[in-house]
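This is what each chain is made of:
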Amino acid sequence: MSVDEHAEELPFADEEFWQNTHEWLARRRESGAVCPITARRGIPSYLVSGYEQARELLNDPRVSKDSGDVQRVYAAKVGQDVQVPDFGNLLTRHMLNSDPPAHTRLRKLVNKAFTARTVARLRPRIQEIADALLDEMAGHEQVDLVQAFAEPLPITVICELLGVRVEDRSEFTAWSHTLLSFSEDPDAQAVAAREMQEYLQQLVESKRAEPAEDLLSDLVHASDEGDSLDEDELISMAFLLLVAGHETTVNLIANATFALLREPEQAEKLRADPSLLPGAVEEFLRFDGPINFATLRYTVEEIEAGGVTVPNDEFLQISLLSANRDPEKFPDPDKLDVTRPPGGHLAFGHGIHYCVGAPLARLEAQIALGSLLARFPELSLAVPVERIVYRPSSLVHGVLALPVRTKGA
């Protein structure tokens, strides 16, 4: 089977798709775990919606993420006159867009700075930030939980971790939202990328000249047997850690809260037994995770997957949301159950590109959700469920806003 002009189009531009992503994906999954699709900008691709197929392909060496070869494959699919959006060096030289051995080298250097000990020592500070934000929320009968809590918590944490100035955080957030939004003009995205690159270049230079006790300073000075990150790699890695280090957690916290507000009996289980929180976070990741489609991959050899032959040089659109709702893997997958045995979901990916920041995201979510539930036992939605709108992004999956009442109506 090959991608052809009759392949169904992936409706990235359709608001109905954003609002009912799980339902649309479930219908596609019933038609086949792997099937031809036409993706954004008319790119012929293969949609991977089954759990086993997604897990296998996320860790298959015959599938590449090397950004240096994307233009060649892209041009062959849609014509030489169509160009991949130019985001400069920001999206080209970090470990998420590379294969071994380059990926192995980059990840090893990052791991030397981003250690489990680094994450663990952040717990008191994350709790402090969460408590301060909840104190501010308590002064209002109604707030947007995204703006008031889900967004500022992980942004503050990652910016402090990397050493980004407090006064620069709002500008950084705006850049990030522009880059990840499907609805944005590509020219506006390119401008945001260049501005962010210039900012990060200056930040890297300042850390080189005056190192501080932060992760970016550690990355600037990290080495392994004489190897270190060069200037472009440092800028790209800072971009990856800043964007991925907060966007995932923002949506994890917001999506989880939205789910609990729709299923109050699940929230009561967590209030009654906070020891359920670690497993509940895994369930939130499975049930309505923060990543929609995994970042773009393409085949470098012919692959058999889900009974389908995927030829060489074909793009793969791997749906993490769909994989995590596959009934072949998870019984009653559309039901939220905070007591479900944890494990197995693909919300953080799988294989060599498994999210390096997963431990931090889990820790932040546990603290955030546990503190929120304890502080506001009468927390409720301030608008009808159907008025909650999801972000128009093929990568991140999360609500734009979540108006809540902090006390009973």
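Residues numbered from 1 in each chain as written. Predicted model: local features only at pLDDT ≥ 70, side-chain atom pairs only at ≥ 80, totals over all residues. Heavy atoms only, no water.

> What is the right way to read the environment of glutamate 56 from this model?
Here glutamate 56 shows up in helix 3 (residues 51-58). Along the backbone, glutamate 56 and histidine 350 are 294 residues apart, and their C-alpha atoms lie at a distance of 8.6 Å. (Helix = DSSP H or I, 4+ residues; strand = E, 2+ residues; numbered from the N terminus.)

> Help me understand the packing of aromatic side chains, please; the structure alone is not making it clear to me.
Two numbers describe a pair of aromatic rings. These are the distance of the centres and the angle of the planes. By the definition in use, this model includes 7 aromatic pairs. A centroid spacing of 5.8 Å and a plane angle of 50° characterise the contact between tryptophan 175 and tyrosine 199, whose relative ring orientation is tilted. One end of the pair, tryptophan 175, is in helix 10 (residues 169-180); the other, tyrosine 199, is in helix 11 (residues 186-209), with 24 residues separating them in the sequence. Residues tryptophan 175 and tyrosine 199 agree in their burial class; the two are buried. (Phe/Tyr/Trp six-rings, centres within 6.5 Å; stacked < 30°, edge-to-face > 60°. Buried < 20%, exposed > 50% of the residue type's maximum accessible area, 1.4 Å probe, protein only.)

> Explanation requested: the sheet that holds strand 4 (residues 63-64) in the structure shown.
Within a sheet, neighbouring strands are paired by backbone hydrogen bonds and run either parallel or antiparallel to one another. Across the sheet, which stays open at both edges, the 6 strands sit in the order 1-2-3-9-6-4 with mixed pairing between neighbours. The open sheet has two free edges, formed respectively by strand 1 (8-9) and strand 4, since each of these has just one partner strand. As defined by bridge partners, strand 6 (residues 297-299) adjoins strand 9 (residues 315-318) across 2 bridges and the pair is classed as antiparallel. Each residue of the ladder has a partner; that of tyrosine 298, found in strand 9, is phenylalanine 315. (Pairing = 2+ DSSP bridges.)

> Help me out: how do you make sense of helix 10 in this one?
An α-helical turn contains 3.6 residues, so a residue and the one three or four places further along point in the same direction. With 12 residues, helix 10 extends 17 Å between its outermost C-alpha atoms, agreeing within 8% with the 16 Å of an ideal straight helix rising 1.5 Å per residue. Those residues of helix 10 not exposed but buried are Arg169, Phe172, Thr173, Trp175, Ser176, Thr178, Leu179 and Leu180. Here the buried face of helix 10 lies against helix 9 (152-162), helix 11 and helix 13 (231-262). (Expected span 1.5 Å × (residues − 1). Contact = heavy atoms within 4.5 Å.)

> Would you mind showing me how to read unusual backbone geometry here?
Only a minority of non-glycine residues have a phi that is not negative, and only a minority of peptide bonds are not trans. Of note, the bond from proline 100 into proline 101 is cis; its omega dihedral lies within 30 degrees of zero at 5°. With respect to the helices and strands, proline 101 occurs in the loop between helix 4 (70-78) and helix 5 (102-113). In the Ramachandran plot, aspartate 313 falls in the positive-phi region, its phi being about 60° despite a non-glycine side chain. With respect to the secondary-structure elements, aspartate 313 resides in the loop between strand 8 (308-310) and strand 9. The backbone of aspartate 332 sits at a positive phi, close to 50°, despite the residue not being glycine. Counting through the fold element by element, aspartate 332 comes out in the loop between helix 16 (320-323) and helix 17 (358-375).

> Just to check I follow, could you spell out the nonpolar core for this structure?
As a rule of thumb, nonpolar side chains are buried together in soluble globular proteins. In terms of nonpolar packing, the biggest core is built from 113 residues, with Phe149, Leu153, Leu219, Phe284 and Leu402 touching the most fellow members. The leading source of residues in this core is helix 13, at 17 residues. Apart from the residues within four sequence positions on either side, phenylalanine 284 is in contact with Leu252, Ala256, Leu260, Leu270, Gly289, Leu336, Val338 and Leu369. (Core = buried A, V, L, I, M, F, W, Y, C linked by side-chain atoms within 4.5 Å.)

> How should the environment of glutamate 301 be read in this particular structure?
Mapped onto the fold, glutamate 301 is located in the loop between strand 6 and strand 7 (303-305). With a relative accessible area of 43%, glutamate 301 lands in the partly exposed category. Counting along the chain gives 239 residues from glutamate 301 to arginine 62, while the straight-line C-alpha distance between them is 5.6 Å.

> I tried to follow the pairing of strand 3 (residues 44-48) on my own but got confused; where do I start?
The side chains of a regular strand alternate, residue by residue, between the two faces of the sheet. Of all 5 residues that make up strand 3, 5 are buried, and the element is covered over most of its length. Here strand 3 shows two buried faces, one formed by Pro44, Tyr46 and Val48 and the other by Ser45 and Leu47. As paired strands, strand 2 (residues 34-38) and strand 3 are joined by 5 bridges and run antiparallel to one another. Looking at strand 3, one finds that valine 34 is bridged to valine 48.

> How should I be thinking about the sheet that holds strand 5 (residues 142-144) in this particular structure?
Strand order in the open sheet made by the 3 strands is 5-11-10, with antiparallel pairing throughout. On the outer flanks of this sheet lie strand 5 and strand 10 (380-381), each paired with one strand and no other. The sheet contact formed by strand 10 and strand 11 (residues 403-405) spans 2 bridges and is antiparallel. Looking across to strand 11, one finds that leucine 381 is bridged to valine 404.

> What is the right way to read the pattern of salt bridges from this model?
Side chains that carry opposite charge are capable of pairing whenever their charged atoms lie near each other. Taken as a whole and assessed by the stated rule, the structure comprises 15 salt bridges. For arginine 105, the salt bridge goes to glutamate 233, with nearest N and O atoms at 2.8 Å. Within this pair, whereas arginine 105 is found in helix 5, its partner glutamate 233 is found in helix 13, the two being separated by 128 residues in sequence. Residue classification places arginine 105 among the partly exposed residues on the basis of a relative accessible area of 27%. The class for glutamate 233 is buried, based on a relative accessible area of 6%. A salt bridge links glutamate 283 to arginine 286; the shortest N-O distance between them is 2.9 Å. Taken together, the positions of glutamate 283 and arginine 286, both in helix 15 (residues 277-287) and 3 residues apart, correspond to about one turn of that helix. Among the residues examined, glutamate 283 registers a relative accessible area of 3% and is labelled buried. (Salt bridge = Lys/Arg side-chain N within 4 Å of Asp/Glu carboxyl O.)

> Even after reading the chapter, I still don't get the pairing of strand 2, so can you show me in this structure?
Of all 5 residues in strand 2, 5 are buried, a share of seventy percent or more. Residues of strand 2 alternate between two faces, with Val34, Pro36 and Thr38 on one and Cys35 and Ile37 on the opposite face, all of them buried. By the bridge criterion, 2 bridges tie strand 1 to strand 2 in an arrangement that is parallel. Each residue of the ladder has a partner; that of glutamate 8, found in strand 2, is isoleucine 37.

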